[in-house]
Amino acid sequence: MTNLDPTAQGVPADAMRRLAEMEPGKPGSIFTSDLSVNEFLLVREAGFKPIGLVLGSSIYHVGIQIGRWGKNQELGTLSQAMYHARELAMTRMEAEAAALGADGIVGVRLTVEAREFGNDVAEFIAIGTAVKADRPAPGGTSWLNNKGQPFTSDLSGQDFWTLIRAGYAPLGMVMGTCVYHIAHQKMGAVFSNMGKNVEIEQFTQALYDARELAMARMQAEAEALHAEGVVGVQLNAHNHRWGGHTTEFFSIGTAVRPLREDHEIERPTMVLSLDG
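Participant: Whenever I open this one, the pattern of salt bridges confuses me. Can you help?
Facilitator: Proximity of charged atoms lets side chains of opposite charge pair with each other. Taken as a whole and assessed by the stated rule, the structure comprises six salt bridges. One salt bridge connects Asp-134 with Arg-44, and the closest N-O pair in it is separated by 3.3 Å. On the criterion of sequence distance, the pair formed by Asp-134 in the loop between β4 (121-133) and β5 (151-152) and Arg-44 in helix α2 (residues 37-45) is long-range, its members being 90 residues apart. By relative accessible area, Asp-134 is classed as partly exposed at 36%. The salt bridge partner of Glu-45 is Arg-165, with a shortest N-O separation of 3.4 Å.

Below, the structure is given as structure tokens:
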């Protein structure tokens, strides 16, 4: 089992009662899931039973940090805020899964929604389907990651099935974030570029640096999980409510490990339509 204490992680009492009533594995108990029908069947085919919908939430006030008008720079206070808020939501979701005795969480969605409590208040939500393996991992090992926590994955049910059948297992979702202030152009540069096709090198370098910082942080999380690699990486840019010259670059993917030495993928079966 994991060492996550749901109460200590801020999981509300109502959620704990809901989880306790589910009693996965007992006759007559039901599960909840946001998987589609196809995803549900493929997760079962991969050897995992859905046992419950789990979620984590954090309503977070993002502080203020001012960037110098003419300088490219990371806004470290904002980067830390965006990372910590997501981490709180993810940790609470993992605590709910641990309370159910889950081996992992599949189909995780991690979103940010602005709330009307104020211009700098947003809700960070993590939601997915907790699953329990039918049997131990190859070699009799646990499906939990090296931190003793249920694995997390944002892969679709189809991709999860392919990953398991090919001899890999998810370790956890890894992420990196960077909130970056992009310097404003000086007035002389604006006028000198008018009517010309020309690269704005200052902007190019700023965006390049910010993306690299986000990617490097995601990679560092994967290394901490002793992953072989990261699949399904998404690299997104969000302005949120900071204005056009301050942008968050957010990278996220699923860290994976090999289950066996060979990684043979089954050949697809040809299907012929009988329709006219």
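Participant: Got a minute to help me understand the environment of His-61 in this structure?
Facilitator: In this structure, His-61 sits in strand β1 (residues 48-61). Sequence separation between His-61 and Val-121 is 60 residues; the distance between their C-alpha atoms is 4.5 Å. For His-61, the contacting residues outside a window of four places in its chain are Asp-120 and Val-121.

Participant: Explanation requested: the sheet that holds strand β3 (residues 104-114) in the structure shown.
Facilitator: Spatially, β1-β4-β3-β5 is the arrangement adopted by the four strands of the open sheet, whose pairing is mixed. Pairing within the sheet leaves two strands with one partner each, and these edge strands are β1 and β5. The strands touched by helix α3 (residues 76-99) are β1, β3, β4 and β5; relative to β1, the strand with the most contacts, the crossing angle is about 150 degrees.

Participant: Please clarify how the nonpolar core should be interpreted in this entry.
Facilitator: Grouped burial of nonpolar side chains is what soluble globular proteins tend to show. Of all hydrophobic cores here, the largest spans 29 residues; its most connected members are Val-54, Met-90, Met-93, Leu-100, Leu-110, Phe-124 and Ala-130. The biggest single contributor to this core is α3, with eight residues. Those residues in contact with Val-54 that lie beyond four places of it in its chain are Met-93, Glu-96, Ala-97, Leu-100, Ile-105, Ala-126, Ile-127, Gly-128 and Ala-130. Membership of the second largest hydrophobic core comes to 14 residues, among which are Val-43, Ala-133, Phe-151 and Ala-169.

Participant: I keep staring at the packing of aromatic side chains and nothing clicks. Help me out?
Facilitator: The geometry of an aromatic ring pair is captured by the separation of the ring centres together with the interplanar angle, meaning the angle of the planes. Applying the stated criterion across every chain, the model contains five aromatic pairs. The interplanar angle of 70 degrees and the centroid separation of 4.9 Å between the aromatic rings of Phe-48 and Trp-143 together place this pair among those described as edge-to-face. Residue Phe-48 is located in strand β1, and its partner Trp-143 is located in the loop between β4 and β5; the two are separated by 95 residues in the primary sequence. Judged by relative accessible area, which is 1%, Phe-48 ranks as buried. With a relative accessible area of 9%, Trp-143 lands in the buried category.

Calculation rules
Residues numbered from 1 in each chain as written. Predicted model: local features only at pLDDT ≥ 70, side-chain atom pairs only at ≥ 80, totals over all residues. Heavy atoms only, no water. Salt bridge = Lys/Arg side-chain N within 4 Å of Asp/Glu carboxyl O. Helix = DSSP H or I, 4+ residues; strand = E, 2+ residues; numbered from the N terminus. Buried < 20%, exposed > 50% of the residue type's maximum accessible area, 1.4 Å probe, protein only. Contact = heavy atoms within 4.5 Å. Pairing = 2+ DSSP bridges. Axes fitted to C-alpha atoms, helices over the stretch in contact; angles between N-to-C directions. Core = buried A, V, L, I, M, F, W, Y, C linked by side-chain atoms within 4.5 Å. Phe/Tyr/Trp six-rings, centres within 6.5 Å; stacked < 30°, edge-to-face > 60°.

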